[in-house]
Amino acid sequence: PTPLPTLMAIFQILEHVMGGLEGKHLLEYGAGVDARASVVAANLHGMRATAVEIEADQSAEAEQTLQNAAQEGLAGGITLQKETDALDVSWSDVDVVYLFGNPARSDLDKFLEAPPGAIFAVLNPSWAVRYTGGLNIPEYYLELYRREPEASSDTLPDAVYELASAHSGWTA
């Protein structure tokens, strides 16, 4: 899963870029075992969240995590689409799509279904590792694609941010 400090930095950037997140809709593409991005989006930013996971075992774990979160009042506004390919759900009403990893051409094609102004936030771990004070800290790069009316799947990211997992800071 995305390290929590990195995820917090991503949402800080999204708030900066979008001018607020409350009431917006997040689609978490590959929710993994804990639907972490959806939980953060719903509880800290007032977003509606759709967590989508294709793998059966991870879907089952995510479902259990969200059931536990619901018992604590932390699952409101979150929908889990288990054992579902994110390319098979509608992106027509999403404001943010979040993906950890490298997007395939089919992902960028699907993003064209999103409404103008939507953001496709892609977190790419870099192969380079920063050596800092005796610790190896993986670096992440956040690529933001904005859906423009004239966009095509050949569109390059609008912005790339370097994120270090050890802190919540970011640089453009």
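Higher on the page you've got the structure.
In this report, we go over the structure that sits alongside the text. (Residues numbered from 1 in each chain as written. Predicted model: local features only at pLDDT ≥ 70, side-chain atom pairs only at ≥ 80, totals over all residues. Heavy atoms only, no water.)

1. Points about the overall build of the chain
Of regular secondary structure, the chain possesses 4 helices and 8 strands. In the chain, the succession of α and β elements from N to C terminus is α-β-α-β-α-β-β-α-β-β-β-β. Counting only residues that meet the buried cut, the chain has 42% of its 172 residues in that class. Within the chain, contacts between residues separated by at least 24 positions form 56% of all contacts whose residues are at least 6 apart in sequence. Just so you have it, the chain exposes about 8,400 Å², and 51% of that area is on carbon and sulfur atoms. (Helix = DSSP H or I, 4+ residues; strand = E, 2+ residues; numbered from the N terminus. Buried < 20%, exposed > 50% of the residue type's maximum accessible area, 1.4 Å probe, protein only. Contact = heavy atoms within 4.5 Å. Areas by Shrake-Rupley, 256 points an atom, 1.4 Å probe, with all protein chains shown as cover.)

2. Here's the deal with the packing of aromatic side chains
Within the structure shown, the criterion is met by 4 aromatic pairs. Between F111 and F120, the ring centres sit 5.3 Å apart and the planes meet at 40 degrees, which makes this aromatic pair tilted. Each member of the pair, F111 as well as F120, is classed as buried. Cluster of aromatic residues (ring-pair linked, three or more members): Y29, W91, F111, F120 and Y145. (Phe/Tyr/Trp six-rings, centres within 6.5 Å; stacked < 30°, edge-to-face > 60°.)

3. Structural notes on the packing of helix α1 (residues 4-18) against helix α2 (residues 36-45)
Where α1 meets α2, the closest approach of the two axes is 11 Å, and the angle between their N-to-C directions is 55 degrees. Here α1 is positioned oblique relative to α2, judged by the angle of their axes. α2 is crossed by α1, and the crossing has right-handed handedness. Side by side, α1 and α2 meet where L4, L7, M8, F11 and E15 of the first sit next to R36, A37, V40, A41, L44 and H45 of the second. (Axes fitted to C-alpha atoms, helices over the stretch in contact; angles between N-to-C directions. Parallel < 35°, antiparallel > 145°, perpendicular 65-115°, else oblique. Left-handed = near helix turned anticlockwise from the far one by under 90°.)

4. With respect to the environment of M47
Following the sequence through the fold, M47 ends up in the loop between α2 and β2 (48-53). Here M47 falls in the buried class, since its relative accessible area comes to 4%. It is 9.7 Å that separates the C-alpha atoms of M47 and D95, two residues lying 48 residues apart in sequence. Non-local contacts of M47, meaning those with residues more than four positions away in its chain, are made with F11, L21, G23, K24, H25, L26, A41, A42, G77 and V96.

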